[in-house]
Amino acid sequence: MRLFAGLGNADARGWRRRISAALGAGALAIALAVPGLFSTVAPAASDADFDRWIDAMWPQARAKGVSRQIYLRATSGLTPDPDVLKAADYQPEFVKPIWDYVARATSDKRVTNGREKLREYSNVLDAIETVYGVDRHIVVAIWGMETAYGEFLGDKNVIRALATLGYRGRRAKFGRSQMLAALEILQRGDTTPERMTGSWAGAMGHTQFIPTTYNAYAVDFDGDGRRDIWGTIADALASTANYLRKSRWQSGLSWGYEVVLPPRFNYALAGSGDRRVQDWAHLGVRRPGGQALSHSGEKAQLLLPAGAKGPAFLIFSNFRSILRYNNATAYALSVGLLADRLSGGGALSAPWPVDDRPLEEAERRELQALLAARGYAIGDIDGVLGERTRSAIRSFQKAQGMTEDGHAGALLFKRLKGN
Ligand code: CA
């Protein structure tokens, strides 16, 4: 999730319920192609140590109701997966701007393929909408984001991948709890160890559920007795819809939409809590083209993912439901915008400020230090652009006669360094 560092509050929290497929196939492919990135990877420990660790995990598996037979079948002969160690250690060299992420998510190919899937699975999606009340375009957009509609499911043996993470290292706790959850899936007979494939971090099937998410939200929609998110599209898509519904998806409500702000707008209102749409309208907020704001009685937050110079959005509680799926603003916005394209919507009206790239972690720390040196209260110098840092940036912007949006991009950084 470090790919999203610097994109907003939600992004900084990172690594929560599940791991983005973006970190699986895409980032890994790039990482493997660049020699020297893994210079910090520890040499693989001997298999004997790993075997002892596998044996030591057995009592915890037994306590979860896993039989000895299932445990042995899933773990015998396992060795640490070197690809997983490499992927887990991968640190991206630069922060990917949100506009690159959105552009890839809403590419013409992804839109065309998604519309095809909407036609192909229209009956299943009718039924899913009826049962879960989640917009089919959102469900299909998540499918497209996670695996390009099933093109990249991940071919890692999930038990082996999670055992590798759980064995040692900074993701050991995650690996262990997910490995135990994966064993529970095998115990229930939903799938077999051979069929239980996924990403290096254990994200499985068409919509990339990690095992704990699977145990909490996967459903058997076609009624064959197994929750098969690997081979049954109906199960995978219904599981996603169920997850969103349990994450308080509101039927009939949008995720959000693009808006245009009036001149001399108070940018401190962005990200600062929900207001009724009609209140935003009174503040002069409009749709591009001037049409009225819809869902006028609902509460919405103003999102400026790239600051005042980029596109603006009003986002509803459903945006937070998507964030529960993957806690990154870039992800949730991409799902929403892809869903809009799938349902016939057009491109954004405002351009992205592509000359104002996001800051790397070291730059964010330096920015905080520069603000502190000028006497602004910013709290800890931790590279996390929280409310105090944004408030300090707004004060600096005010003093400089700049637009007070609190956004920390390369242009603001340059100004701070240069003055
Ligand atoms: Ca099934």
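Check the entry above for the structure.
Residues numbered from 1 in each chain as written. Predicted model: local features only at pLDDT ≥ 70, side-chain atom pairs only at ≥ 80, totals over all residues. Heavy atoms only, no water.

## Observations concerning helix H7 (residues 108–120)
With 13 residues, H7 ought to run about 18 Å at 1.5 Å a step, and its terminal C-alpha atoms sit 18 Å apart, in line with that. Turning to H7, its buried residues number three or more, namely Arg110, Val111, Gly114, Lys117 and Leu118. Angular distribution of buried residues about the axis of H7 spans 125 degrees; they occupy a single face of the element. Away from its buried face, by an angle of more than 90 degrees, H7 presents the exposed residues Asp108, Lys109 and Arg119. In this structure, the buried side of H7 is in contact with helix H6 (98–105), helix H8 (122–132), helix H9 (136–147) and helix H16 (329–342). (Helix = DSSP H or I, 4+ residues; strand = E, 2+ residues; numbered from the N terminus. Expected span 1.5 Å × (residues − 1). Buried < 20%, exposed > 50% of the residue type's maximum accessible area, 1.4 Å probe, protein only. Arc of directions from axis to C-beta. Contact = heavy atoms within 4.5 Å.)

## Brief notes about the coordination of the calcium ion
Taken together, the protein ligands of the calcium ion are Asp220 (OD), Asp222 (OD), Asp224 (OD), Arg226 (O), Asp235 (OD) and Asp235 (OD), with distances of 2.2 to 3.2 Å. Considering all six donor atoms around the calcium ion, angles at the metal cover 44 to 161 degrees and the coordination shape is irregular. The sequence pattern describing where the donors of the calcium ion fall on their chain is D-x1-D-x1-D-x1-R-x8-D. Taking relative accessible area as the criterion, aspartate 220 reaches 26% and is therefore assigned partly exposed. For aspartate 224, a relative accessible area of 40% corresponds to the partly exposed category. (Donors = N, O, S within 2.8 Å, 3.2 Å for Na, K, Ca; no water. Tetrahedral: all angles 85-135°; square planar, octahedral: opposite > 155°, others 65-115°.)

## What about the pairing of strand E6 (residues 312–315)?
Neither face of E6 is open: one carries Ala312 and Leu314, the other Phe313 and Ile315, and all of them are buried. With three bridges joining them, strand E5 (residues 299–303) and E6 adopt antiparallel strand pairing. What sits directly across from leucine 302, in E6, is leucine 314. (Pairing = 2+ DSSP bridges.)

## Digging into the environment of serine 76
Mapped onto the secondary structure, serine 76 falls in the loop between helix H4 (68–75) and helix H5 (82–89). Using a relative accessible area of 52% as the deciding quantity, one classes serine 76 as exposed. C-alpha of serine 76 to C-alpha of aspartate 51: the two residues are 25 residues apart in sequence and 8.7 Å apart in space. Separated by 2.8 Å, the side chain of serine 76 and the backbone oxygen of leucine 72 make a polar contact. (Polar contact = N/O pair within 3.5 Å; in protein donor to acceptor, adjacent residues only side chain to side chain.)

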